[in-house]
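Architecture at a glance
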Amino acid sequence: MFTDEYYMKMALHEAETAREKDEVPIGCIIVSNNRVIARSHNLTEALNDVTAHAEMQAITAAANFLGGKYLVNCTMYVTLEPCVMCSGALSWAQISKVVIGARDEQRGFINKHLSLHPKTEIVTGVMEHECSSIVKEFFKSKR
């Protein structure tokens, strides 16, 4: 069985892909039964769509793969804490577990005192330094 770090490295690879496309470097994968069923990164610039966050893209891809809208027995690995919009979608999808790299103190759902589905397990801080650094460096280069 693979570790959370193993899968978070895949999510970081997606974040790198986003950065190469000049997108905010957030990456995401969804795993079911130790198999990656969805991988994504931010596409808000490419699609000219404020809702094209990595998590939203991954939820759609995973649901299409599974043939249903619920992501029970799935784990999402995401490099940055989901925003309120994405946490709402994750709650509706009833995902079983969300593993977060870095917290987002300003826009993340946790500080907003929101929660996911009652049965969803949340793990934070997996490869936190690497996940935080890629976003900080991206915005530093924009200033």
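Residues numbered from 1 in each chain as written. Predicted model: local features only at pLDDT ≥ 70, side-chain atom pairs only at ≥ 80, totals over all residues. Heavy atoms only, no water.

**Some points on the packing of helix H3 (residues 54-66) against helix H4 (residues 84-93)**
Two elements in contact, H3 and H4, have axes whose closest approach is 9 Å; the angle formed by their N-to-C orientations is 20°. The orientation of H3 with respect to H4, classified from their angle, is roughly parallel. Crossing of H3 over H4 shows left-handed handedness. In contact with Glu55, Met56 and Ile59 of H3, H4 contributes Met85, Cys86, Ala89, Leu90 and Ala93. (Axes fitted to C-alpha atoms, helices over the stretch in contact; angles between N-to-C directions. Helix = DSSP H or I, 4+ residues; strand = E, 2+ residues; numbered from the N terminus. Parallel < 35°, antiparallel > 145°, perpendicular 65-115°, else oblique. Left-handed = near helix turned anticlockwise from the far one by under 90°. Contact = heavy atoms within 4.5 Å.)

**Here we look at the sheet that holds strand S1 (residues 27-32)**
Taking strand neighbours across the sheet as the criterion, the five strands line up as S2-S1-S3-S4-S5 in an open arrangement whose pairing is mixed. Lying at the two open borders of the sheet, with one neighbouring strand each, are strand S2 (35-41) and strand S5 (121-124). Ignoring which end each strand starts from, the neighbouring axes of this sheet average 15° apart. In this sheet, S5 lies alongside strand S4 (residues 97-102) in parallel orientation, the contact comprising four bridges. For Lys97, the partnering residue across the bridge sits in S5 and is Glu121. Running over the sheet, H3 touches S1, S2 and strand S3 (74-80) and is turned about 145° from S2. (Pairing = 2+ DSSP bridges.)

**With respect to the nonpolar core**
Judged by nonpolar contacts, the single largest core of 39 residues is most densely connected at Met8, Ile30, Leu71, Met76 and Tyr77. Counting residues per element, the ones that place at least two in this core are helix H1 (4-20), S1, S2, H3, S3, H4, S4 and helix H5 (128-142). With residues near it in sequence (within four places) discarded, Met76 still touches Cys28, Ile29, Ile30, Glu55, Ala58, Ile59, Leu90, Ile95, Lys97, Val98 and Val99. (Core = buried A, V, L, I, M, F, W, Y, C linked by side-chain atoms within 4.5 Å. Buried < 20%, exposed > 50% of the residue type's maximum accessible area, 1.4 Å probe, protein only.)

**Side note on the packing of H1 against H5**
One can describe the packing of H1 onto H5 by two numbers: an axis separation of 10 Å at closest approach and a directional angle of 5°. What the angle tells us is that H1 and H5 run roughly parallel. Taking contact as the criterion, the partners of Met8, Leu12, Ala15, Glu16 and Arg19 in H1 are, on H5, Glu130, Cys131, Ile134 and Phe138. Classifying every residue of the contact of H1 with H5 by side-chain character gives six nonpolar, no polar and three charged. (Nonpolar A, V, L, I, M, F, W, Y, C, P; charged D, E, K, R; others polar.)

**Structural notes on the pattern of salt bridges**
Under the defined criterion, the tally for this structure stands at four salt bridges. A salt bridge links Glu16 to Arg19; its shortest N-O distance comes to 2.4 Å. Note that Glu16 and Arg19 are positioned in helix H1 at a spacing of three residues, about one turn of the helix. Of the residues examined, Glu16 reaches a relative accessible area of 29% and is grouped as partly exposed. Exposure remark for Arg19: the relative accessible area of 34% places this residue in the partly exposed category. Here Arg103 and Glu81 are joined by a salt bridge, their closest N and O atoms 2.7 Å apart. Of the two residues, Arg103 is situated in the loop between S4 and S5 and Glu81 in the loop between S3 and H4; the sequence distance between them amounts to 22 residues. For Glu81, a relative accessible area of 3% corresponds to the buried category. (Salt bridge = Lys/Arg side-chain N within 4 Å of Asp/Glu carboxyl O.)

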